[in-house]
Amino acid sequence: MTAQLGNIALWIAFAVALYGAAAAVIGHRRHRSTLLESAYSAVLVHCAVVTVALLCLEYALITSDFSIQYVAFNSSLKYPIWYKIAGLWGALEGSLLLWAWMQAVLAAQVVIMYRRKHRDFIPYVSAVLMGISAFFVSVLLVPANPFAQHFPVPADGRGLNPLLEDTSMLVHPLLLYSGYVGFTVPYAFAMAALITGRLKEEWLFITRRWAVTAWMFLTCGIIYGGWWSYHVLGWGGYWAWDPVENASFMPWLAGTAYIHSVMTQEKRGMLKVWNLTLITLTFALVIFGTFLTRSGILNSVHAFTRGAVGYFFLAFLAVILLSTVSLLSLRADQLKTQGSVDSFLSRESAFLFNNLLLVTFCFTVFLGTIFPLLAEAVRGVKVSVGAPYFNYVAGPIGLGLLFLMGVGSVIPWRGGSWASLRRNLLGPGLAGVAAGCAAFLLGFRGPWVLTTYALAVFVMGVAVQEYYRGIRARRRTAGEGPVQALAQLFIRNRRRYGGFIVHVGFALVAIGIVSSSAFKVEQEGMLKKGEMLQAGKYQVRFDRLTSGEGPTHVKVHGIFTIFNESHEAGEMRPGLRFYPRSNDPIAEVDYWLGLQEDLYVILSSFDRQGAWAVVKVLVNPMVSWIWIGGAIMALGTLIAMLPTRLLSATGAGEKP
Amino acid sequence: MSRGMMRVLVGAAVILVAVGYLIWGGVQEAIVYFYTPSELQTQGDKAVGKRLRIGGMVEAGSLTKDPETLIMKFRITDGATSVPVRYKGIPPDLFTEGKGAVIEGTWAPGGVFQCDLIMAKHSEDYHPPKAGEEAPSAEILYKSLIKQQGS
């Protein structure tokens, strides 16, 4: 019953989406307002029907209806309610249904918000959004049907992949999908701008908050994914340059380039084609990443089942790219750039270089990800480039970005003099150099590490300086107190001052990444009872094994006593979980987090009689800075995008 | 074209060349070739110095371990050819004779594979094959093993 209802809902959703797309365009072209209104209603109906489909699957999951294959494969009677709910996005079909639903909700939201306000854009925007929705629903109808039946009906479901049995599972995919879906709004507006020929900055102003919101979700999703990898996957790291990680990182890079380059168009009227290209690239990379990870063409820790899904995504990718290219060539005459870079030392040239670095970074990640495919196709050899390749290229490009981040935010538009540049950069520059020297004196070594510290402090120095100057200026001119002056800075130029906070967060993340990669201590050893393993300043003593039972698994824990510089510091209990259907045990790591370093202990294997255990001990310096930096980035983005009226009780508007 | 634009273009060209050079260096640094034991044998000395992954079975009866030094020796085979391997450390749990493994390391001129990483995972897929489903092909085995590094 549930399955039939769900399938019917999906078919209706598909038909309604197609109708909505067609009716919007025809209604607008032929000035038939009833037809146009019906198109907007179709968007809302589509949203409602997809919601029904989503609820059907959720209902089946919660009631453990194992006649539906998806439920039988991805849920279990043993699960607590929240894992049953989260089963929705635990595997391919359900996650695509969730995606389609978020897409539908977003389309409805856009239509409700803007159909009266932006009458020229919205018909095409809703047509594009409905096209995207129709695509997702078509995937659900044909190659990845979440309502496929399963015979015979099993007594219990197989349950999720054990790695997904974690509370992060409730959060991480939602954040990522919100980011992915959010970028479709600026994309749809960009297409609408191209179709209507209204290529002034209007579409940028309408969508910039959408883009920044999507970017924030994507950033949070990626950082949260790192945290998940760190505390669940149990290999001691947070980022493995796995294809699915790259699949989220590539749109992030393109999206980051986009939210910076739009400022150049807003202020100087430059880079029109570039911005249209970037937003298309961002969206295309979302689809490409989905293709990579859902098609089984590349293997990854997140591999979903294989099938025809890949072809659907590949075809959709082709449609996106071809339509953008043809629209761009159609409007080529209107896209002539107005401004030009007058001076090498100007904000616009800094943004150009920032964009160049981000896009080439994106390209290097792309190349590394598909390298095995390329090599096999071109030379017929089986090769791969792993993390060493990505680390090799990411370091220098990342440092270049840090440098531009500091310089770019203080040079004026249209160019500044050397004198003004010196005035703006001297303080932060000196702070950076001092930080590098201080780190050297404290015993930190390595050119990359010291350069990163120096540049990160430089970026933070720029932020502090700009805050200080801003507050000082307001105190002089408006006679405000420091707190009030700070609030006014946020109100009057929240994008700039929120942006500085994002930059500070990024600098902290950079410090965390570089420190944890450079100074990681890793020791592995087979310990008999009472034996010790030394890792950095820590000693780990194996005491005994205990075993226990979870709802879905059996687990064995090793009990280890930890000594910090010979002082007893406590006990750690890393374990291994054994799932009845999996050959491989899943590690349950134990860790102590700290600002300075994390102690991270993995039980690799053990003797069944309890005589010995193989343990891996990692001392990971400053990993926490990544999580803290990520949170600060999110906070900064929130400040940058909050509606002015929320920030301002006095009603002071944003500076134009 | 303004002078500023000129300089920007020169700067952009410099960056592009630098990134191209980086990619080239990164690939050189990180490239790993995947061979079967037979392919490795055919390559002979040409394979020396490259970073390699060898996929195959751990030959039954070939495994010796020294508990003191943790040095382990075994042969890896694809049925036609087998290659001697030397490894120092603790192998993963699933590593045993007669089971599949992918090993990573370098081919020493003496004809012994110096291995520093053993990947002995069977399949990425958590679910066991359904009834009537074929056992995974070599291609799938390869795919499932190749991205294990670091994870």
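Residues numbered from 1 in each chain as written. Chains lettered and ligands numbered in written order. Predicted model: local features only at pLDDT ≥ 70, side-chain atom pairs only at ≥ 80, totals over all residues. Heavy atoms only, no water.

## Some remarks on the overall build of chain A
Right, so step 1: A tally of helices and strands in chain A yields 20 helices and eleven strands.
Right, so step 2: Computed over its C-alpha atoms, the radius of gyration of chain A comes to 27 Å, within 12% of the 26 Å expected for a compact globule of 656 residues.
Right, so step 3: Structurally, chain A occupies a C-alpha span of about 80 × 70 × 60 Å along its principal axes.
Right, so step 4: Classification of the 656 residues of chain A by burial places 60% in the buried group.
Right, so step 5: A fraction of 72% describes how many contacts in chain A between residues 6 or more apart in sequence connect residues 24 or more apart.
Right, so step 6: With the model as given, the accessible surface of chain A reaches about 26,000 Å², and the carbon-plus-sulfur share is 64%.
Right, so step 7: Here chain A contributes 51 positively and 34 negatively charged side chains, and the mean placements of these two sets differ by 13 Å. (Helix = DSSP H or I, 4+ residues; strand = E, 2+ residues; numbered from the N terminus. Rg over C-alpha atoms; globule rule 2.2 N^0.38 Å. Buried < 20%, exposed > 50% of the residue type's maximum accessible area, 1.4 Å probe, protein only. Contact = heavy atoms within 4.5 Å. Areas by Shrake-Rupley, 256 points an atom, 1.4 Å probe, with all protein chains shown as cover. Lys, Arg positive; Asp, Glu negative; His and termini not counted. Charge placed at Lys NZ, Arg CZ, Asp CG, Glu CD.)

## Looking at the overall build of chain B
Right, so step 1: Looking only at helices and strands, chain B has three helices and seven strands in total.
Right, so step 2: Each of the 151 residues in chain B was classed as buried or not, and the buried ones make up 41%.
Right, so step 3: For chain B, restricting intrachain contacts to residue pairs at least 6 apart in sequence, the fraction spanning at least 24 positions comes to 50%.
Right, so step 4: For chain B, the exposed area adds up to about 8,100 Å²; of that, 59% sits on carbon and sulfur atoms.

## Brief notes about the pairing of strand E6 (residues 100–107) of chain B
Residues and elements named next belong to chain B.
Right, so step 1: In terms of residue burial, E6 counts as a mostly covered element, since seven of its eight residues are buried.
Right, so step 2: Strand direction decides the pairing type here: strand E2 (residues 52–58) and E6, joined by six bridges, are antiparallel. When the bridges of E6 are listed, Gly-55 appears paired with Val-102.
Right, so step 3: Note that E6 and strand E7 (residues 113–119) share six bridges and pair antiparallel. When the bridges of E7 are listed, Trp-107 appears paired with Phe-113.
Right, so step 4: With antiparallel pairing between neighbouring strands as the criterion, E6 and E7 make up a hairpin whose turn holds five residues, including Gly-111 at a positive phi of roughly 90°. (Pairing = 2+ DSSP bridges.)

## Describing the confidence of the model for chain B
Residue and element names in this part refer to chain B.
Right, so step 1: Chain-level pLDDT for chain B is 76 on average; 77% of the residues reach the 70-or-more range.
Right, so step 2: Considering only residues more than four positions removed or in separate chains, one finds that residues 122–151, a stretch of pLDDT under 50, has 58 contacts.
Right, so step 3: In the predicted assembly, ipTM is 0.80 and pTM is 0.90. (pLDDT = per-residue confidence, 0-100.)

## Considerations on the environment of Tyr-238 of chain A
Residues and elements named next belong to chain A.
Right, so step 1: Residue position: Tyr-238 is located in the loop between helix H9 (202–233) and helix H10 (243–268).
Right, so step 2: You can call Tyr-238 buried: its relative accessible area is 14%.
Right, so step 3: Distance in space between the C-alpha atoms of Tyr-238 and Tyr-224 is 9.6 Å, their sequence separation being 14 residues.
Right, so step 4: Those residues in contact with Tyr-238 that sit more than four places away from it in its chain are Gly-226, Ser-229, Tyr-230, Glu-245, Gly-512, Ile-513, Ser-516, Ser-517, Val-623, Ile-626 and Trp-627.

## Examining unusual backbone geometry
Residues and elements named next belong to chain A.
Right, so step 1: With an omega of -15°, the peptide bond running from Phe-151 to Pro-152 counts as cis.
Right, so step 2: Here Pro-152 lies in the loop between helix H6 (122–141) and helix H7 (172–182).
Right, so step 3: Despite not being glycine, Ser-64 has its phi angle at roughly 50°, a positive value.
Right, so step 4: Within the secondary structure, Ser-64 sits in the loop between helix H2 (33–62) and helix H3 (69–74).
Right, so step 5: Accessibility expressed as a relative area gives 11% for Ser-64, which makes it buried.
Right, so step 6: Located in the positive-phi region is Glu-565, a residue other than glycine, with phi close to 50°.
Right, so step 7: If you trace the backbone, Glu-565 turns up in the loop between strand E5 (554–564) and strand E6 (567–572).

## A closer look at the nonpolar core
Right, so step 1: Membership of the largest hydrophobic core comes to 251 residues, with the highest contact counts inside it found for Leu-96, Phe-189 and Trp-203 of chain A together with Phe-113 of chain B.
Right, so step 2: Per element, the largest residue contribution to this core is 16 residues, and it comes from H9 of chain A.
Right, so step 3: Among residues more than four places away in sequence, those in contact with Phe-113 of chain B are Leu-40, Leu-52, Ile-54, Val-83, Pro-84, Val-85, Arg-86, Ile-103, Glu-104, Gly-105, Thr-106 and Trp-107 of chain B. (Core = buried A, V, L, I, M, F, W, Y, C linked by side-chain atoms within 4.5 Å.)

## What to know about the sheet that holds strand E9 (residues 590–592) of chain A
All names here are of chain A.
Right, so step 1: Taken together, the four strands give an open sheet; going across it, the order is E2-E11-E10-E9, and neighbouring strands pair in antiparallel fashion. Taken across any chain shown, the strands that pair with only one partner, and hence form the sheet edges, are strand E2 (521–528) and E9. The mean angle between the axes of side-by-side strands here comes to 20°, regardless of whether they run parallel or antiparallel.
Right, so step 2: Across eight bridges, E2 lies against strand E11 (residues 612–621) in antiparallel orientation. Looking across to E11, one finds that Gly-525 is bridged to Val-615. (Axes fitted to C-alpha atoms, helices over the stretch in contact; angles between N-to-C directions.)

## Notes on the packing of helix H5 (residues 92–114) of chain A against H7 of chain A
All names here are of chain A.
Right, so step 1: Packing of H5 against H7 leaves a shortest axis separation of 10 Å and a crossing angle of 50°. In this view, H5 runs oblique relative to H7, as classed from their interaxial angle. Along this stretch, H5 crosses H7, giving a crossing that reads as right-handed. Across the interface between the two elements, Ser-95, Leu-98, Trp-99, Met-102, Gln-103 and Leu-106 from H5 touch Leu-174, Tyr-177, Ser-178, Tyr-180 and Val-181 from H7.
Right, so step 2: Class assignment of the residues belonging to the contact of H5 with H7 gives a composition of eight nonpolar, three polar and no charged. (Parallel < 35°, antiparallel > 145°, perpendicular 65-115°, else oblique. Left-handed = near helix turned anticlockwise from the far one by under 90°. Nonpolar A, V, L, I, M, F, W, Y, C, P; charged D, E, K, R; others polar.)

## Some words on the packing of aromatic side chains
Residue and element names in this part refer to chain A.
Right, so step 1: Considering all chains together, one arrives at 45 aromatic pairs over all chains under this definition.
Right, so step 2: A ring pair is formed by Trp-227 and Tyr-230, whose centres lie 6.4 Å apart and whose planes are at 40°; its orientation type is tilted. Within this pair, Trp-227 and its partner Tyr-230 are both found in helix H9, separated by three residues, close to a single helical turn.
Right, so step 3: Looking at Tyr-230, the relative accessible area reads 0%, which means it is buried.
Right, so step 4: When the ring of Phe-288 is compared with that of Phe-366, the centres are 5.2 Å apart and the planes differ by 45°; the resulting orientation is tilted. (Phe/Tyr/Trp six-rings, centres within 6.5 Å; stacked < 30°, edge-to-face > 60°.)

## Details of a nonpolar patch on the surface
Right, so step 1: A contiguous nonpolar patch, built from Ile-62, Ile-81, Trp-82 and Ile-85 of chain A and spanning about 340 Å² of accessible area, is present on the exposed surface.
Right, so step 2: Tracing the chain through its elements places Trp-82 of chain A in helix H4 (residues 81–86). (Patch = residues over 30% accessible without salt bridge, like charges linked within 9 Å, V, L, I, M, F, W, Y side chains within 5 Å. Salt bridge = Lys/Arg side-chain N within 4 Å of Asp/Glu carboxyl O.)

## Here we look at the environment of Gly-55 of chain B
All names here are of chain B.
Right, so step 1: If you trace the backbone, Gly-55 turns up in strand E2.
Right, so step 2: Look at Gly-55 and you get buried, because its relative accessible area is 13%.
Right, so step 3: In the structure, Gly-55 is positioned 20 residues away from Tyr-35 in sequence and 6.8 Å away in space, judged by C-alpha atoms.
Right, so step 4: Beyond its immediate stretch of four places on either side in the chain, Gly-55 contacts Phe-34, Tyr-35, Thr-36, Pro-37, Ile-76, Ala-101 and Val-102.

## Focus on helix H16 (residues 447–478) of chain A
Right, so step 1: The first and last C-alpha atoms of H16 of chain A sit 46 Å apart over 32 residues, in line with the 46 Å expected at 1.5 Å per residue.
Right, so step 2: Looking at the residues trailing H16 of chain A, positive phi occurs at Gly-479 of chain A, about 65°. (Expected span 1.5 Å × (residues − 1).)

## A few points about the domain arrangement of chain A
Right, so step 1: You can read the domains of chain A as domain 1 (1–160), domain 2 (161–336 + 343–394), domain 3 (395–518 + 635–647) and domain 4 (521–625).
Right, so step 2: Between domain 1 of chain A and domain 3 of chain A, the C-alpha centre-to-centre distance is 43 Å. (Domains from an automatic or database assignment.)

## Remarks on the packing of helix H8 (residues 184–196) of chain A against helix H11 (residues 272–295) of chain A
When two helices pack together, their arrangement is given by the angle between the helix axes and by the axis-to-axis distance.
Residue and element names in this part refer to chain A.
Right, so step 1: In the contact formed by H8 and H11, the axes pass within 9 Å of each other and the chain directions differ by 135°. Taken as axis vectors, H8 and H11 run oblique relative to one another. Here the hand of the crossing between H8 and H11 comes out left-handed. Residues Thr-184, Pro-186, Tyr-187, Ala-190, Met-191 and Leu-194 of H8 lie in contact with H11, whose contacting residues are Leu-276, Ile-279, Thr-280 and Phe-283.
Right, so step 2: Here the residues of the contact of H8 with H11 are counted per class, giving eight nonpolar, two polar and no charged.

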